[in-house]
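Breakdown of the fold
The residues making up each chain are set out below.
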Amino acid sequence: MNTNRHHLKAKFTGKVGDMPGTLTFPDDALKPKIVVYSYNADEVQSSSGSDIEVILKQFKKCPKHTHWIKINGIGDAQLIEKIGELLNINVLVLEDIANTHQRPKFDEYDGYVFATSRIIEFDDKHEITSSQFAAIVKDDIIITFEENYEKRFDVVVTRLKAGKGAIRTAGPGYMCYALMDTIIDQYFVVLADIGEALDTLEDRLYEKADKSIMYDSQHLKRALIMMRRVSWPERDKINDMIRSESALITPEVKTYLRDAYDHCIHIMDVTDSYKEITTSVMDLYLSMVSNRMNEIMKVLTIISVIFMPLTFIAGIYGMNFQRQDDKGHVIPDNMPELYMHHAYPVCVAIMILIAGVQLWYFTKKGWFSKL
Amino acid sequence: MNTNRHHLKAKFTGKVGDMPGTLTFPDDALKPKIVVYSYNADEVQSSSGSDIEVILKQFKKCPKHTHWIKINGIGDAQLIEKIGELLNINVLVLEDIANTHQRPKFDEYDGYVFATSRIIEFDDKHEITSSQFAAIVKDDIIITFEENYEKRFDVVVTRLKAGKGAIRTAGPGYMCYALMDTIIDQYFVVLADIGEALDTLEDRLYEKADKSIMYDSQHLKRALIMMRRVSWPERDKINDMIRSESALITPEVKTYLRDAYDHCIHIMDVTDSYKEITTSVMDLYLSMVSNRMNEIMKVLTIISVIFMPLTFIAGIYGMNFQRQDDKGHVIPDNMPELYMHHAYPVCVAIMILIAGVQLWYFTKKGWFSKL
Amino acid sequence: MNTNRHHLKAKFTGKVGDMPGTLTFPDDALKPKIVVYSYNADEVQSSSGSDIEVILKQFKKCPKHTHWIKINGIGDAQLIEKIGELLNINVLVLEDIANTHQRPKFDEYDGYVFATSRIIEFDDKHEITSSQFAAIVKDDIIITFEENYEKRFDVVVTRLKAGKGAIRTAGPGYMCYALMDTIIDQYFVVLADIGEALDTLEDRLYEKADKSIMYDSQHLKRALIMMRRVSWPERDKINDMIRSESALITPEVKTYLRDAYDHCIHIMDVTDSYKEITTSVMDLYLSMVSNRMNEIMKVLTIISVIFMPLTFIAGIYGMNFQRQDDKGHVIPDNMPELYMHHAYPVCVAIMILIAGVQLWYFTKKGWFSKL
Amino acid sequence: MNTNRHHLKAKFTGKVGDMPGTLTFPDDALKPKIVVYSYNADEVQSSSGSDIEVILKQFKKCPKHTHWIKINGIGDAQLIEKIGELLNINVLVLEDIANTHQRPKFDEYDGYVFATSRIIEFDDKHEITSSQFAAIVKDDIIITFEENYEKRFDVVVTRLKAGKGAIRTAGPGYMCYALMDTIIDQYFVVLADIGEALDTLEDRLYEKADKSIMYDSQHLKRALIMMRRVSWPERDKINDMIRSESALITPEVKTYLRDAYDHCIHIMDVTDSYKEITTSVMDLYLSMVSNRMNEIMKVLTIISVIFMPLTFIAGIYGMNFQRQDDKGHVIPDNMPELYMHHAYPVCVAIMILIAGVQLWYFTKKGWFSKL
Amino acid sequence: MNTNRHHLKAKFTGKVGDMPGTLTFPDDALKPKIVVYSYNADEVQSSSGSDIEVILKQFKKCPKHTHWIKINGIGDAQLIEKIGELLNINVLVLEDIANTHQRPKFDEYDGYVFATSRIIEFDDKHEITSSQFAAIVKDDIIITFEENYEKRFDVVVTRLKAGKGAIRTAGPGYMCYALMDTIIDQYFVVLADIGEALDTLEDRLYEKADKSIMYDSQHLKRALIMMRRVSWPERDKINDMIRSESALITPEVKTYLRDAYDHCIHIMDVTDSYKEITTSVMDLYLSMVSNRMNEIMKVLTIISVIFMPLTFIAGIYGMNFQRQDDKGHVIPDNMPELYMHHAYPVCVAIMILIAGVQLWYFTKKGWFSKL
């Protein structure tokens, strides 16, 4: 049994009737760590810190570079607001960054675009946990916000530093795509894990079915429900990006986004089949329980049907009807069998005959073959 | 068991064939309380009362302000009709205000727009109750109708008086949005409550499953059905507002409405997952009932299979076949075992052997492990 | 049990391969009764009869009025054909009037429009029966056909005579709307009845569940299937009317139709939730049956597990192993317990102990608490 | 049980990788019978034969007539190819005529159109069988292909000869519609048969439920699955025809097609409701099986609970604890009840009391009322 | 039981965060075998090899022919990259060729188009396995990639060499269609196999139902889930091709593609019906298990209800209440029946009567007829 499952209680930061644009962060938000990567076709410069100064310095130092401002941890309202002022970002966007239980979405504003994704993880307990990734793309700048300090984008940083491919030259829109693609790749990893768990479950079904199968199926089903809830709006978001008319999403980036779109559809297809297979596993398990019950009942019935009549016969001849009355006169008809010659072996033979006939009947009806 | 559940009987105020536009109020409609807030960027003035005079006075007093006429309780047909005349409102709109079991909707008329929402509450019995919110927006005026005196918009009033943000300057369309957003925020609160109830239910499933789980699941499912019935048309309504070409819904307000639209979609997503999880909980409970039955039957079968043959053997040797006939002659073959030396311990040993073989067989078949 | 349920056999009047436009009436079609209402803003004149003469006379008498020709009963092919000729109506339309098992629809023809609705009734046996309403609107004329003599439109006649509202002045399109609206209002009444039946059913589920619940749920479900089958195309039809470009459906009428459209959607929403709730009731009932079975089995198992070993022990000491052989010599080891001092109370004590241990075990396992 | 059911094995004539346009006929295709009807507003001439000559002759004889070439049986590849050459038909069309397991479809080609329908039959075993109808319409010619010699279009021939209505004058497009309409009319007949079978099934459910209900429901469900599989693409096809811009489908014919379209939708509606009702019947039957099981178990449990304790008590007093030891000394406490006065009637009275208390308890718990 | 089933673990070649366009092949990719067919209306020349030289030579040798470069096995990154350079193919396309777990898709690029299909196989164990087919069409060249060496396109090669039909003259777009059509034809073969397996399953259901039916149904269901997952995107892909504006997909090819599109829809229709029928089979099997249980329980109950009272009566008269006390005095009322004349036959007669009454009762209640 799993008592550590992911609790449902919808995390709703912010209060009813709050002004739209009010920044209410989750209570456990981490302190931001900022790294700024400034790059062009020739070089990558980076510096890190924890306040807005590091961004301003880097802007001054590399005025003609593309800047990727990577922020891990969103627990500093002032920083977010200062960034908002610096780049003239709508307060609704800042609110969406702070409220980490958003649906993936893509919004266009004057001169910049905003997108969020959900980063998912599949832990040992077959629980999916998710955190928010948010990105603002404006001019030559992309600012990304992650909820925690996980190093999931190290591969992108490596590629950026290696300088191969379009990553250095295709602008901040491409960087936005590259990061989202990394997140979607992670979905495949989670799906592979779920697929493996489902394989294990099916093996157990055929080898040693016990009731934990039901719990584990429900668990996987829940993970798949979550998976679908994440991948469906992700697809919508990428579609919105493809159809966007913003100059920040260049045709080249759109070509790549179409690829990511196909990946999302593929993820949804696989998620749906897995859900159907999980349902199948549960149905199969329940039919096994029914069959098991049938077999148990057959054992009980066979044993009862055989021994009840025999016990009754033994009971008959265990009755104490008296041969003689108080005066020693024989009472007529009172269990003369008990005084017959060979009566006992005949009685036992009759019992064996009865049992034999019943066994033959059950065999004929196929009760001993498996239903 | 819950005998206080929300009754279904569709509340249909009005009679078959009534002229469209006939004002038929619910029997228990409350007497209206009117508060008029007149505001501009600089100040907020308010006055309250219970008839149309308070509105007229306020109009005269603040001719250049934006007016929010907040009416709690709709049980005064004359008032509604007078307001209708004053602002030249179509009788169908007035009918929709009176008929409090409307689907959320948005209608555009010449010079004004009309929208309704459903305000929901989730009480201690896990029942969702809903009441109607209606708003007419015309020129610089917004008139809102609530069915009861709940102070759910106090936060908006506070924000209005505080004067921060767009609320003072963005016109009555923004006010309409702000109120609807407050209503939608409430949906999240209800969803969080349902999520928590579902968590509790799952905990009980793993810890101490009893048949109240089935009742409670059904209860939650019903709440979620209701939730969906409310959020789906809410989304449609907001979409209609976004696509509206009325000048009363300014582009700025539309930006905010898009945010509300995303919230609605999010609510529907979560509602759907919760419904699937509720179904899972019920399936799991039913499989537990089946398993439980299997275990009960196994206990019964094991005990029957062990004791029936033993009881039969005891019955055999309880038979009264006589050793001697009336004349004292030995009757041949009649239960010689009874006169054998050590026959009793041998018989008991055979019984123990039979029981032992059966226990070994059941163990081998795995009946003592849990299915 | 309900043996009076509505039979399914699709009523298909007409024969395979019949020429389109062949008028084949139901066998039990009633003889037509005609009433003609001629009205303008000032007055309403009416006359009634059973043949086309009454119509022609009225036309002559009130050449500038709007005419509502109300025909109850369609069992007169000649009359229908004459009306067809008089107003130059397509034979397909006449066929649709005759074939009373149509889907609601709206068709536009040159100079006139044709619409049908389904009138429904919910009888005491929780059966929905439906009949057809058909209307032709042309110039200043509306001709309506009902299958039976029910006075369901009396309220409209009353409104017409009272002369309030748009009914006198908004033309035959408005009259068509008013009649359809009355029909749709009836749907709400039926839904309210179904809702009430569903409430009763749920009460019975919690108070005294017996197997009639299953029958009654199926019954309601069937009524809801029927309800949906009627309301879905009704909505489509009204949508067609709203989008119609015919001059007969004026913008004013369209405003009202939008209201009717909302009503249809609302009916469909409610129907769907009721269907889900009906399914819930059945699921809950079936889980109650399962639980009940579990409880029955627990009783059986507890009683068997307690008494089988005890009966076996009694059987042991009921065996007749002899203390002495024929010659009176003591046979060794043959049931010495029977001759021990206090053996009987000890035996009974052991039995009580065994029963006690088992009861303690069952209590610990929670078999006496409800599952 | 039904062992004659329609086998599923998808009939796929043609081999993998065959050139598109290869004519591969079903093995059991019948030899063609050709009848040519040449008609105009004034007269109908017909001649029949089995090769292309009959067509050519008729063309020569009636150069200004409309020709309906009716071919029953498609088992002559040469004939089909010759017709293809004569009218210059694409080889894909000929392939579609030969492959009789097509989905209904409508294709437009240069100067001609091609459409197929599925003709269905519902036999005594509640099996739906289907065959293909194909029609090519070009200029003044319509060629129709049927798989067998069934006289299902005799009604159309009769109408053609009678010369009533549009059939003589509205061109080959109308003839195409008339034939399809006859096929769709047949769907209603099949639906009526299914509806009747479903009625019978429900009657049996309420009167004498046995397990054949399950088989028969599955059977009907399968027929409805087939029905839906046929009517869905039929609707699509007719929709394609309505939206076609080909001059062969005249506006007049489109009016009639809209009627056929409504019929298709109606068929799909009814099919869906019937499917839901069939599912209901199965659910109801299964709940009856569960209830029946409950009742059986109650009988078993009541009888066991009553007789087990009684049998145990009888067993107690059937034990042979001895009153006296070998030497005739009374052994203390060994079953003194057996020697008490009136012990036997007291014992029987106690037994009756126990049985009575249990019966009272079961009555109170409602076990004797139906669950 | 089937332990060889197709494992789910989503095969995801490539690593999270890899640069888009990175070629990561499956570990078990086969070494490529290349055959180049160069053809025009007059002749077909072919040569084969394993590196790019064979392609270059053939290009030089037949500069005006159409080239079909058929590559079986994709386990040579360099080869793929060289081909990419040679024809100037986007690296995303090359990545899609390498990643063999793609969804079928069609992408247009500058001057060339790219399409993938899934080739499926249905093995003896009722497992569907799939491999990827990829094709690039550019100018007069079509390059196709298959994962393994299966000779599934031999029929197309034969047709190409035979030179009949459009295959020689209609360009590389037609060749692309011809290959895809061959793949889709294979789907029909698989569906026919599944249909046959389903027929066999149904036969077994009616003849000899055992629990393997459940396993086999699940197996088929899974195959159908897979089938749908393949055919759905295949249809989308072909639709994309039909709507493509690329000059490489000529109108003539589009005519053929429409035919393939119809085939896909047909496959999806059949797949869906098969899934519904598979579900039916499982439902029917489960209802048979329930009925079987009912019959087992009836046997048990009948036997218990008959023998328990009889055994009890025998037990009564097996009690040892003594006729005489220690002193030989008669103890009043102690089992006088035992000393009555003819008591034993009366007792047996009563037993027979009881059994008879019960059998009559069970017969009347219909327990001996099948439920």
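In short, a report on the structure. (Residues numbered from 1 in each chain as written. Chains lettered and ligands numbered in written order. Predicted model: local features only at pLDDT ≥ 70, side-chain atom pairs only at ≥ 80, totals over all residues. Heavy atoms only, no water.)

Digging into a negative patch on the surface
Together, D283 of chain A, D283 of chain C, D283 of chain D together with D283 of chain E line one region of the surface with negative charge. On the secondary structure map, D283 of chain A appears in helix α7 (residues 251–316). Overall, D283 of chain A belongs to the partly exposed group, its relative accessible area being 30%. (Patch = residues over 30% accessible without salt bridge, like charges linked within 9 Å, V, L, I, M, F, W, Y side chains within 5 Å. Areas by Shrake-Rupley, 256 points an atom, 1.4 Å probe, with all protein chains shown as cover. Salt bridge = Lys/Arg side-chain N within 4 Å of Asp/Glu carboxyl O. Lys, Arg positive; Asp, Glu negative; His and termini not counted. Charge placed at Lys NZ, Arg CZ, Asp CG, Glu CD. Helix = DSSP H or I, 4+ residues; strand = E, 2+ residues; numbered from the N terminus. Buried < 20%, exposed > 50% of the residue type's maximum accessible area, 1.4 Å probe, protein only.)

Describing the relation of the copies chain D and chain E
Superposing chain D onto chain E takes a rotation of 72 degrees plus a shift of 0.0 Å along the axis, which leaves an RMSD of 0.1 Å. Viewed as a symmetry operation, the transformation between the two copies matches a five-fold axis. Taking C-alpha positions as reference, the residue of chain D nearest the rotation axis is G318 of chain D, located at 4.7 Å. Little of the interface of chain D is mirrored in chain E: 14% of its interface residues are interface residues there too. (Least-squares fit on C-alpha atoms with pLDDT ≥ 70 in both. Contact = heavy atoms within 4.5 Å.)

As for helix α6 (residues 212–243) of chain E
End to end, α6 of chain E covers 47 Å across 32 residues, agreeing with the expected 46 Å (1.5 Å per residue, within 8%). Judged by how many residues are buried, α6 of chain E sits mostly within the fold: 24 of 32 residues are covered. (Expected span 1.5 Å × (residues − 1).)

Some details on the sheet that holds strand β3 (residues 66–72) of chain A
All names here are of chain A. With mixed pairing, seven strands are arranged side by side in an open sheet as β2-β1-β3-β7-β6-β5-β4. With partners counted over all chains shown, the strands left at the sheet margins are β2 (44–49) and β4 (105–109), one partner each. Averaged over all pairs of adjacent strands, the angle between their axes in this sheet comes to 15 degrees, without regard to strand direction. Bridging between β4 and strand β5 (residues 112–122) involves five bridges; their strand directions are antiparallel. (Pairing = 2+ DSSP bridges. Axes fitted to C-alpha atoms, helices over the stretch in contact; angles between N-to-C directions.)

Things to note about the interface of chain A and chain B
With 71 residues of chain A in contact, the opposing surface of chain B contributes 75 residues. Here chain A packs against chain B, burying approximately 6600 Å² in sum over the two surfaces, 63% of which is carbon and sulfur. There are five salt bridges connecting chain A and chain B. A salt bridge links D262 of chain B to K105 of chain A; its shortest N-O distance comes to 3.3 Å. On the surface where chain A and chain B come into contact, there are 16 residue pairs in polar contact (both at pLDDT 80 or more). For the side of chain A that touches chain B, the element with the highest residue contribution is α7 of chain A, accounting for 18 residues. Here the side of chain A that touches chain B is composed, by residue class, of 39 nonpolar, 12 polar and 20 charged. (Buried area = accessible area lost by both parts, 1.4 Å probe. Polar contact = N/O pair within 3.5 Å; in protein donor to acceptor, adjacent residues only side chain to side chain. Nonpolar A, V, L, I, M, F, W, Y, C, P; charged D, E, K, R; others polar.)

Concerning the interface of chain D and chain E
Taken together, the contact between chain D and chain E spans 69 residues of the former and 75 residues of the latter. Together, the buried faces of chain D and chain E total about 6600 Å²; carbon and sulfur atoms form 63% of this surface. At the boundary of chain D with chain E, the tally comes to five salt bridges. Applying the counting criterion to the chain D and chain E interface returns 16 residue pairs in polar contact (both at pLDDT 80 or more). Elements that contribute at least two residues to the side of chain D that touches chain E include exactly α3 (91–98), β4 (105–109), α6 (212–243), α7 (251–316) and α8 (343–365) of chain D. With 18 residues, the top contributor of residues to the side of chain D that touches chain E is α7 of chain D.

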